[in-house]
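Commentary on secondary and tertiary structure
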Amino acid sequence: MHLARIESKANTQLHGSRPLRSVARFVSRSGVRSIARFALVAAASASLVGCGNTYRPVVTAINPVGPAGQPFKYAVALSTTGPTTPGLATIVDFSGDTVLITAKIGVDPYYLVLDGPGNTGYTLNRDTTVNSFDISPSLLSSEVTQTTLLAGANPVSIFPQGTNTYIAEPGRNQVATLQGSPPVLKQEFPVTNPIYVVGVTNSPRVYVIGSDNAGNGQVSPFETVNNNPDGTVIPVGKSPVYGVMSGDGRRAYILNKGDGTVSVINAQTNQLDVLPTGKTNPIAVGTAPLWADFAPTRNELIVANAGNGTTPGSVSIISIPLCSATSLPGNPNCDATNPVDANGFGTVLATVPVGVNPQMVGVLQDGTRAYVINQADSTVSVINLNTNTVTAVIPVPETVHPNYIAVTTGTPTGKVYVTSPESSNMTVIRTDTDSVSTIIPLQGKGVSVRMTKP
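All of these numbers come straight from a predicted model, not from anything done at the bench.

1. What to know about the overall build of the protein chain
- Looking only at helices and strands, the protein chain features one helix and 34 strands.
- The buried share of the protein chain, reckoned over its 454 residues, is 50%.
- Residue pairs at least 24 apart in sequence account for 45% of intrachain contacts in the protein chain once pairs closer than 6 positions are excluded.

2. Comments concerning the packing of aromatic side chains
- What the rule picks out here adds up to seven aromatic pairs.
- Judged by centre distance (5.8 Å) and plane angle (70°), the ring pair of tyrosine 253 and phenylalanine 294 falls under edge-to-face. One end of the pair, tyrosine 253, is in strand E18 (residues 251-256); the other, phenylalanine 294, is in strand E22 (residues 289-295), and 41 residues separate them in sequence. Each member of the pair tyrosine 253 and phenylalanine 294 is classed as buried.
- Among the aromatic residues, those joined into a cluster by ring pairs are Tyr196, Tyr242, Trp291 and Tyr404.
- The ring centre of phenylalanine 94 lies 4.6 Å from the NZ or CZ of lysine 73, which sits over that ring.
- Sitting above the plane of the tyrosine 110 ring, arginine 126 keeps its charged end 4.0 Å from the centroid.

3. Here's the deal with the environment of threonine 399
- Relative to the elements of secondary structure, threonine 399 occurs in the loop between strand E29 (389-395) and strand E30 (404-408).
- In this structure, the C-alpha to C-alpha distance between threonine 399 and valine 418, residues 19 residues apart in sequence, is 7.1 Å.
- Residues contacting threonine 399, with those up to four places away along its chain left out, are Val418, Thr419, Ser420, Ser423, Asn425, Met426 and Thr427.

4. What about the sheet that holds strand E23 (residues 300-305)?
- If you trace the four strands from one edge of the open sheet to the other, you get E22-E23-E24-E25, paired in antiparallel fashion. Lying at the two open borders of the sheet, with one neighbouring strand each, are E22 and strand E25 (348-356). Averaged over all pairs of adjacent strands, the angle between strand axes in this sheet comes to 20°, irrespective of strand direction.

5. Quick notes on the sheet that holds strand E6 (residues 129-134)
- In space, the four strands of this open sheet follow the order E4-E5-E6-E7, with antiparallel pairing throughout. Strands at the two margins of the open sheet, each flanked by one partner only, are strand E4 (109-114) and strand E7 (145-148). With direction set aside, neighbouring strand axes in the sheet form an average angle of 20°.
- Two elements, E4 and strand E5 (residues 120-125), share five bridges in a ladder whose sense is antiparallel.

6. Observations concerning the nonpolar core
- Formed by 73 residues in total, the largest nonpolar core has its most connected members in Tyr207, Tyr253, Leu301 and Ile302.
- At five residues, the largest contribution of residues to this core is made by E22.
- In contact with leucine 301, other than residues within four places in its own chain, are Val244, Tyr253, Val262, Ala292, Asp293, Phe294, Ser316, Ile317, Ile318 and Ile320.
- Ranked by size, the runner-up nonpolar core spans 16 residues in total, among them Val76, Ile101, Ile135 and Val447.

7. Some points on the confidence of the model for the protein chain
- Per-residue confidence for the protein chain gives a mean pLDDT of 86, with 81% of residues at or over 70.
- Scored below 50 in pLDDT, residues 1-53 makes 34 contacts in the model with residues more than four places away or belonging to other chains.
- Low pLDDT (under 50) marks residues 66-70, which in the prediction has zero contacts with non-local residues, meaning those over four places away or in another chain.

8. Topic: the pairing of strand E34 (residues 445-451)
- With respect to burial, E34 is a largely interior element, six of its seven residues being buried.
- In terms of strand pairing, strand E1 (residues 74-80) meets E34 through six bridges, oriented antiparallel. Across the sheet, serine 79 pairs through a bridge with glycine 446, a residue of E34.

The rules behind the values
- Note that residues are indexed from 1 along each chain, following the sequence as it is written.
- Residue-level local features of this predicted model are given only where pLDDT is at least 70; pairs of side-chain atoms are given and counted only at 80 or more, and the full residue set underlies all totals for whole chains, interfaces and linings.
- Each side-chain value is worked out from all heavy atoms of the structure, with water and hydrogens disregarded.
- Secondary structure elements follow DSSP: runs of H or I no shorter than four residues count as helices, runs of E no shorter than two count as strands, and numbering proceeds from the N terminus.
- Type-normalised accessible area, obtained with a 1.4 Å probe on protein chains alone, sets the label of each residue: buried when under 20%, exposed when over 50%, and partly exposed for intermediate values.
- We call two residues in contact when some of their heavy atoms are within 4.5 Å.
- Aromatic rings from Phe, Tyr and Trp, with only the six-membered ring used for Trp, were paired whenever their centres fell within 6.5 Å, and each pair was classed as stacked if the ring planes differed by under 30 degrees, edge-to-face if by over 60, and tilted otherwise.
- Criterion for a charge above a ring: Lys NZ or Arg CZ within 6 Å of the ring centre, and within 35 degrees of the ring normal.
- Pairing between two strands is assigned when DSSP locates at least 2 bridges connecting them.
- The axes used here are C-alpha line fits, helices contributing only the stretch in contact, and every angle between their N-to-C directions lies in the interval 0 to 180 degrees.
- Take the buried residues of types Ala, Val, Leu, Ile, Met, Phe, Trp, Tyr and Cys, join any two whose side-chain atoms come within 4.5 Å, and each joined set is a nonpolar core.
- For every residue, the pLDDT score states the predictor's confidence, bounded by 0 at the bottom and 100 at the top.

So, in structure tokens, the structure goes:
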């Protein structure tokens, strides 16, 4: 394991002056006033006398003033060393692609998520435990906390939201809610075949994605204030697998892998969204949608469609603007506190072919490009979001059959991190050249990677 410790010390010493020698001359007619005036002049002169009677002014050093330090940004990679041994959490410095620390976590970890601010990481492990740890370059294995779930939980995802942490447990047909630090199991709520929890930090509610035994999707809202389900069930498409919520918490998007659609939930009305005239909910996309990310500056949702696994998959680009001052003429009933969809909401702007069996998509938050990992091809497709075309295909042979991607902007370049369950190497791609810049060893097979900042 790699441990990083940096210490610095600085000492400053000042040289003092010699004592004042007595001086006596004469007394003028001014009497006491002249004596006082002379004493002041003598004191001023004596202050110029230093070691060796040489004038040595005291100089106070002024630290150079430069630009403010950049906030720290880390890539957090999760890897496994085997089915019965502890896994590893590796923290990598974004600016230098340097491994800062590697800490042991639970046995054979398989899921990683960071909280909204990017301060804490959470893992699910094969020994039915949950780990939580601070994202810090000085993280020690002894500082990783652990919580044990109930027997038979078979957890598949974890979502921290404020004071609550939600875990989907299909093995028990429950959603577990944990609280505190370290997280402590507080209660469970019944949900049929739960698979994922959708939400954002400070949203009034989160949505638990599940399906009945026939694969019909259903979403259960949980109120985050009282940490309880509200009793309603929202129907969505077939076999939902994933979802995302907009940063303002007003819309949730559910990816239905079984029927190639995306269902839109209005989180303010807590119902399926009523799309503009001519648009249907759910929105038809490509075959087997399974991951999505936002291009917030473009008001677009970027959806990765796995396809059939043997022919090229695709990426669907959906327009999702809400009404605003610029769209009021087309939306006369727009309410700023509960905005309706702007004209064009739900339009599939493009369907872009990518590689075989795409698994994930990550979007640069400046809205310029999307990056898609193609598992069967061991490649990354680069999509220009201005033209909605693939502009590069980047081989990642050191990270064969990639399964996870994390994308971030930066100066002078953003970066893309790629992991694979078949490789102990993590590939790093520069976004200014769209080429591989380095390979980072993880000491275990890659599970996933997350960024602390977009």
